[in-house]
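Here are the chains, one letter per residue:
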Amino acid sequence: MAVVVAAGFLDAHMSAARRLEARSDLVRVVETVLESVRGGALPMVSGEVDLTDEFQPLSSIRVRTKVVVTTKSPQGLFSVRVEARAMVRSEDMVVTITTQVWKP
Amino acid sequence: MNSRGTSLVELLVVLALLSVMILVGAQLVVHSMELLGATGRAVSNPLVVHVTSRLRHDVQEAAALQWQDSIWIEEPLVLITHDGAIVSIALEDGNLVRAQTTGPGSPPDRRVILRGVTGWWWRNPVEGVVDLNITYLVNPAPERQSSRDVGFGLERRQENLRFAIRGGGGGTRW
């Protein structure tokens, strides 16, 4: 019984470690997308973003990234919502940041 | 009547087996907790978090780059702030060194911000955006440790960072 309990702990550890690594990657990819939009490296349009050249996750996850852009007032100001999503041990993890950006 | 109870020897043997199982289980539990702690420290390595924060601040606060290159290069990254100070970040003998010069003729303030660095690359893919690529040595993730002793061996880890320059004024990038 002790071994079964210990195995449960080990599995919980692995799951927690994967989630920690994945969350760290998702936060970094969201920052990369936001900085790309802010700097003009990505167009200020809504849609899926492919960051294969700019970002390699530290963990073995496949990150899907989406940008939603809405116009704000005054002219030239936009609300940018970046969403990074990955499956981690059959659990869907999402990190979202919304900020305001002037059109570069 | 042929009743047969449990002998003292049998009882001791059962107790010994139970003790061994509990000992093994407890060791696994303790080890798993140690691994979880090590993973947390590896993911949010305070030194790397500090260096990343330092680089983020330097690049975002810069007004311009001294020179630009759209392909990856290993040369020092030289940033010019809005008040004319020059911040240089370069790889020197395995150390990432940050040097800041506040004015002409003044000696640079040089500091090692990260040791164990094996690769330093940067590029300027479009004007106003800087990509950084740093490779450094860290303790491997717990499940990849070939020994149960934390700190056995080192592995390379790579950070890819992208920052937009914002210190030029004008407000259009904020």
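(A) Seen up close, the nonpolar core. Ranked by internal contacts, the top residues of the largest apolar core, which has 25 residues, are Leu55(B), Leu77(B), Leu96(B), Leu132(B) and Ile134(B). Listed by contribution, the elements that provide at least two residues to this core are α2 (46-61), β1 (62-65), β2 (77-81), β3 (86-92), β5 (109-115), β6 (117-123), β7 (129-138) and β8 (155-164) of chain B. In contact with Leu96(B), other than residues within four places in its own chain, are Val51(B), Ile89(B), Ala90(B), Leu91(B), Arg111(B), Val112(B), Ile113(B), Leu114(B), Val117(B), Trp120(B) and Ile134(B). Within the second largest apolar cluster, 24 residues are counted, among which are Val30(A), Leu34(A), Val80(A) and Val88(A).

(B) Seen up close, the sheet that holds β5(B). Residues and elements named next belong to chain B. On the basis of which strands lie adjacent, the open sheet formed by 5 strands has the order β1-β2-β3-β4-β5 and antiparallel pairing. The sheet is open, and its two borders are formed by β1 and β5, each paired with just one other strand. Across the sheet, the mean angle from the axis of one strand to that of its neighbour is 25°, orientation sign disregarded. Here β1 pairs with β2 via 3 bridges, running antiparallel. The residue bridging Ala62 from the neighbouring strand is Thr81, located in β2.

(C) The arrangement of the pattern of salt bridges in detail. All names here are of chain A. Following the criterion strictly, the structure yields 16 salt bridges over all chains and no others. The salt bridge partner of Glu83 is Arg85, with a shortest N-O separation of 3.1 Å. Look at Glu83 and you get buried, because its relative accessible area is 9%.

(D) Quick look at the pairing of strand β4 (residues 95-101) of chain B. Residue and element names in this part refer to chain B. Of all 7 residues that make up β4, 5 are buried, and the element is covered over most of its length. As paired strands, β3 and β4 are joined by 7 bridges and run antiparallel to one another. Bridging across to β4, Val87 finds its partner in Gln100. Counted along the chain from β3 to the antiparallel partner β4, the turn is 2 residues long, and its residue Asp93 has a positive phi close to 50°. Judged from the 6 bridges that link them, β4 and β5 form a sheet pairing that is antiparallel. Directly across from Ala99, in β5, lies its bridge partner Arg110.

(E) Examining the pairing of β3(B) more closely. All names here are of chain B. Pairing between β2 and β3: 4 bridges, direction antiparallel. Following the sheet pairing, Leu77 is matched in β3 by Ile89. Hairpin connection from β2 to β3: 4 residues lie between these consecutive antiparallel strands, with Gly84 at a positive phi of about 90°.

(F) Broad picture of empty space enclosed by the protein. Counted under the stated rule, the structure contains 2 cavities of 30 Å³ or more. The volume enclosed by the largest cavity comes to roughly 50 Å³. Lining of the largest cavity is provided by Asp53(A), Glu54(A), Trp72(B), Arg123(B), Asp131(B), Leu132(B), Asn160(B), Leu161(B) and Arg162(B). If you tally residues by element for the lining of the largest cavity, the top one is β8(B), at 3 residues. The residue inventory of the lining of the largest cavity, partitioned by class, reads 3 nonpolar, 1 polar and 5 charged. Considering the residues around the second largest cavity, the lining is formed by Val48(B), Val51(B), Thr52(B), Leu55(B), Leu114(B), Ile134(B), Tyr136(B), Glu159(B) and Leu161(B). If you list the elements that add at least two residues to the lining of the second largest cavity, you get α2, β7 and β8 of chain B. The element contributing the most residues to the lining of the second largest cavity is α2(B), with 4 residues.

Thresholds applied
- Residues numbered from 1 in each chain as written.
- Chains lettered and ligands numbered in written order.
- Predicted model: local features only at pLDDT ≥ 70, side-chain atom pairs only at ≥ 80, totals over all residues.
- Heavy atoms only, no water.
- Core = buried A, V, L, I, M, F, W, Y, C linked by side-chain atoms within 4.5 Å.
- Buried < 20%, exposed > 50% of the residue type's maximum accessible area, 1.4 Å probe, protein only.
- Helix = DSSP H or I, 4+ residues; strand = E, 2+ residues; numbered from the N terminus.
- Contact = heavy atoms within 4.5 Å.
- Pairing = 2+ DSSP bridges.
- Axes fitted to C-alpha atoms, helices over the stretch in contact; angles between N-to-C directions.
- Salt bridge = Lys/Arg side-chain N within 4 Å of Asp/Glu carboxyl O.
- 1 Å grid on protein atoms, 1.4 Å probe; cavity = no way out; pocket = protein on both sides within 12 Å on 5 of 7 lines; lining within 4 Å.
- Points joined across faces, edges and corners; volume = space filled by probe spheres on them.
- Nonpolar A, V, L, I, M, F, W, Y, C, P; charged D, E, K, R; others polar.

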